Amino acid sequence: MVFGRLLTAMVTPFDQHGEVDEKQIKPLVDHLIHTGTEGLVVSGTTGESPTLSKSEKLALFEMVLEATDGRVPVIAGTGSNNTADTVALTKEVEKLGVEGVLLVSPYYSKPNQSGLYEHFKTIAQSVHIPIMLYNVPGRTASNLEADTVVKLAALDNVVCIKEASGDLSQMAQIIERTSDDFVVYSGDDALTLPVLSIGGYGVVSVASHVVGQQMQQMIHDFIDGNVKEAAQTHRLLLPIMKQLFAQPSPVPVKALLNQLGVSVGGVRLPLVGLSDTEQAELSQVYQQFTDKFSE
């Protein structure tokens, strides 16, 4: 099972009091779908999941399901570094009707490969819902190695991985050694085209909040064999992708969405908003991108 080629790791809208803003869920979902998003990953890193309570997550999943109304798949972020808690939350989320769950590698604890395998296996065997593994060593301090992914891919409901290690060699090994129905998504916007070129399927994106149509064009140009055009779009996208991660994500993308009229509010501590200088730089890079892309 795959969820589409361009998935968005959706931000969580907050109101002026820092509470989840229910009124802004549907406008955000509509914006993403209208600009090329084919699936939504909710309450992941970009959704500020560490700051969301269990009850907030469950309510958020239900609100997003209502807002999508079956138009695109919803993948719920239920992973944590506590296996038992993750099992319990994933069981509850499975009942809501989401199409899949995102399970991040356990952070802080730094388990070895055996521990990582047992963690994911325990969760996978407790539910029937399709699972997207999430390898992001820069945030978890441990790498989910190719050998371990291959073993996990043999489990019936482990269907794909969001790979944010930045290691194309590791991703190529996973693609080569797993069945054709197990797919690799880039977890880095800037590696979308390189990952496609080695046999990856798509991307779980942050940048698609603001450049979704252009990313769709790049992906489909590549699939259709228009490699030169895809590469050109890739090069044009790189500066804005870099700027969206110049400060801790999702701070820049939330700031840019608000600037573009898609109201998502601020971020929760320990994240803080952009300074005036940082906001000006982001706006300048985005304007330069839109000018170049319209030429």
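Because the structure is predicted, anything quoted here is derived from the model rather than measured.

### Some words on the environment of Ile-223
For Ile-223, the position within the fold is in helix α9 (residues 208-223). Ile-223 gets classed as partly exposed once you look at its relative accessible area, which sits at 38%. Sequence separation between Ile-223 and Tyr-201 is 22 residues; the distance between their C-alpha atoms is 9.9 Å.

### Some words on the nonpolar core
Formed by 77 residues in total, the largest nonpolar core has its most connected members in Val-64, Leu-133, Val-211 and Ile-240. Tallying contributions element by element places helix α2 (residues 54-68) first for this core, with 7 residues. Those residues in contact with Val-64 that lie beyond four places of it in its chain are Met-10, Ile-25, Val-29, Leu-40, Val-42 and Val-74. Counting 16 residues, the second largest nonpolar core, distinct from the first, contains Ile-75, Ala-164, Tyr-185 and Val-204.

### Section: the sheet that holds strand β3 (residues 74-77)
A barrel is described by the order of its strands in space; here 8 strands give the closed sequence β1-β2-β3-β4-β5-β6-β7-β8, paired in parallel fashion. For this sheet, the mean inter-axis angle between neighbouring strands, taken without regard to orientation, is 25°. Relative to strand β6 (residues 158-163), strand β5 (residues 131-135) runs parallel, the two being bridged by 5 bridges. Opposite Tyr-134, over in β6, you have Lys-162 as the bridge partner.

### Here we look at empty space enclosed by the protein
Within this structure, the stated rule accounts for 1 cavity of 30 Å³ or more. Approximately 30 Å³ is the volume found for the largest cavity. The wall of the largest cavity is formed by Gln-243, Ala-246, Gln-247, Pro-252, Leu-274, Glu-278 and Leu-282. Taken together, the residues of the lining of the largest cavity sort by class into 4 nonpolar, 2 polar and 1 charged.

### Remarks on the UniProt feature "site: Part of a proton relay during catalysis" (unreviewed entry) in the protein chain
UniProt annotation of "site: Part of a proton relay during catalysis" (unreviewed entry) refers to Thr-45 and Tyr-108 when read in the numbering used here. Residues that both appear in the annotated list above and line the largest pocket are Thr-45. Inspection of the secondary structure assignment puts Thr-45 in the loop between β2 (39-42) and α2. Looking at Thr-45, the relative accessible area reads 24%, which means it is partly exposed. With sequence-adjacent residues up to four places away left out, Thr-45 is seen in contact with Tyr-134, Arg-139 and Pro-250. Here Tyr-108 is in contact with Asn-81 and Thr-140, once residues within four sequence places are set aside.

### Description of unusual backbone geometry
A cis amide bond links Ser-249 with the next residue in sequence, Pro-250, at an omega value of 15°. Of note, Pro-250 is situated in the loop between α10 (227-243) and α11 (251-259). A cis amide bond links Leu-269 to the next residue, Pro-270, at an omega of 15°. Along the chain, the position of Pro-270 falls in the loop between α11 and α12 (276-293). Not every positive phi belongs to a glycine, and Tyr-108 is a case in point at roughly 70°. With respect to the helices, strands and loops of the structure, Tyr-108 is situated in the loop between β4 (100-104) and α4 (113-124). Even without being a glycine, Lys-110 presents a positive backbone phi close to 55°.

### Some details on the packing of aromatic side chains
Applying the stated criterion across every chain yields a total of 3 aromatic pairs. For the pair Phe-289 and Phe-293, a centre-to-centre distance of 5.6 Å together with 35° between the ring planes defines the contact as tilted. Here Phe-293 and Phe-289 lie together in helix α12, a separation of 4 residues that amounts to about one turn. Overall, Phe-289 belongs to the buried group, its relative accessible area being 4%. Between the NZ or CZ atom of Arg-5 and the centre of the ring of Tyr-201, over which it lies, the distance is 4.0 Å. Taking the ring centre of Tyr-117 as reference, the NZ or CZ of Lys-151 above it sits at 4.1 Å.

Rules behind the numbers
- Residues numbered from 1 in each chain as written.
- Predicted model: local features only at pLDDT ≥ 70, side-chain atom pairs only at ≥ 80, totals over all residues.
- Heavy atoms only, no water.
- Helix = DSSP H or I, 4+ residues; strand = E, 2+ residues; numbered from the N terminus.
- Buried < 20%, exposed > 50% of the residue type's maximum accessible area, 1.4 Å probe, protein only.
- Core = buried A, V, L, I, M, F, W, Y, C linked by side-chain atoms within 4.5 Å.
- Contact = heavy atoms within 4.5 Å.
- Pairing = 2+ DSSP bridges.
- Axes fitted to C-alpha atoms, helices over the stretch in contact; angles between N-to-C directions.
- 1 Å grid on protein atoms, 1.4 Å probe; cavity = no way out; pocket = protein on both sides within 12 Å on 5 of 7 lines; lining within 4 Å.
- Points joined across faces, edges and corners; volume = space filled by probe spheres on them.
- Nonpolar A, V, L, I, M, F, W, Y, C, P; charged D, E, K, R; others polar.
- UniProt positions renumbered as here; feature names shortened; annotations may be inferred.
- Phe/Tyr/Trp six-rings, centres within 6.5 Å; stacked < 30°, edge-to-face > 60°.
- Lys NZ or Arg CZ within 6 Å of the ring centre and 35° of its normal.

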